[in-house]
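One letter stands for each residue in the lines below.
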Amino acid sequence: MSKTSALRVLVLNGPNLNLLGERDPAHYGTATLADVEQNVTALAKELGAEVDFAQHNSEGDVVDRLQQARHDYDAVILNPGPLSHSSLPVRDVVQVIKTPVVEVHISNVISRGGYHEKLVTGPAATAVICGFGIAGYELALRFLVDRYAPAADAGRPS
């Protein structure tokens, strides 16, 4: 947990999210990961939160980062990308850590059919946001600040 009064949030993106803006614009739009970071950083400043960003293409790196997040952050915004449909290790770590995790998907994955319909990781998350484009990250941050910012300060020395 953070040592400051601001809610500390890790925004963690999984495989292929580094290709936003290039990859399947019909489903993901033309915004880039840099656009996500710029928008979320601006909102965090407005809300008095602190955010850090990470993106990993390896399942093991995502799991390691989530495990570390339980010590370093008050909450996590996670877009596991394709891992959301298959990764039991990511689901397990989300379920085990006490840190609130909001899972975000840019497209409405449930409406896309096939393997996209089933979210393996989502049921372990505190909440799931999908289908709002990159604004889903900002919705997740607003939710986390509204719900957890006061609790993040409880019991901390001034």
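The numbering scheme is per chain: residues are counted from 1 as the chain's sequence reads. Given that the model is predicted, a residue must reach a pLDDT of at least 70 before its local features are reported, and side-chain atom pairs must reach 80 or more before they are shown or counted; all residues, however, enter totals for whole chains, interfaces and linings. Calculation of side-chain values draws on the structure's entire complement of heavy atoms; hydrogens and water are dropped beforehand.

Time to look at the sheet that holds strand β4 (residues 101–105). We call two strands paired when DSSP finds no fewer than two bridges between them. In this description a helix means any DSSP run of H or I spanning at least four residues, a strand means any run of E spanning at least two, and both kinds are numbered starting from the N terminus. Strand order in the open sheet formed by 5 strands is β2-β1-β3-β4-β5, with parallel pairing between adjacent strands. The open sheet has two edge strands, β2 (50–55) and β5 (127–130), and neither has a second partner. For this sheet, the mean angle separating the axes of adjacent strands, direction not counted, is 20°. Pairing between strand β3 (residues 75–79) and β4: 3 bridges, direction parallel. Each bridged residue has a counterpart across the sheet, and for Ile-77 the counterpart in β4 is Val-102. When checking whether two residues touch, look at their non-hydrogen atoms; a contact exists if any pair is within 4.5 Å. Between the N-to-C directions of two axes lies an angle of 0 to 180 degrees, each axis being a line fitted to C-alpha atoms and, for a helix, fitted only over the stretch in contact. Along the sheet, helix α2 (residues 33–47) contacts β1 (8–13) and β2; its crossing angle with β2, the most-contacted strand, is approximately 165°.

Before going further, it helps to spend a moment on the environment of Ile-106. With respect to the helices and strands, Ile-106 occurs in the loop between β4 and β5. As for Ile-106 and Gly-133, which are separated by 27 residues in sequence, their C-alpha atoms are 4.2 Å apart. What Ile-106 contacts, discounting residues up to four positions off in sequence, is Leu-17, Leu-20, His-27, Tyr-28, Asn-79, Gly-131, Phe-132, Gly-133, Ile-134 and Tyr-137.

As a general feature of sheets, a regular strand has side chains that alternate between the two faces. Note on exposure labels: buried denotes an accessible area under 20% of the residue type's maximum, exposed denotes more than 50%, and partly exposed covers the range between, all computed with a 1.4 Å probe on protein chains only. By the criterion of burial, β3 is predominantly enclosed, with 5 of the 5 residues buried. Residues Ala-75, Ile-77 and Asn-79 line one face of β3 and the alternating positions Val-76 and Leu-78 line the opposite face, and both faces are buried. For β1 and β3, the ladder comprises 5 bridges, and the chain directions are parallel. Across the sheet, Val-9 pairs through a bridge with Ala-75, a residue of β3. Seen with its strands pointing away from the viewer, a crossover is right-handed if its path from the first strand over the helix to the second goes clockwise. A crossover connection joins β3 to the parallel β4 through helix α4 (residues 88–96); in handedness this β-α-β unit is right-handed.

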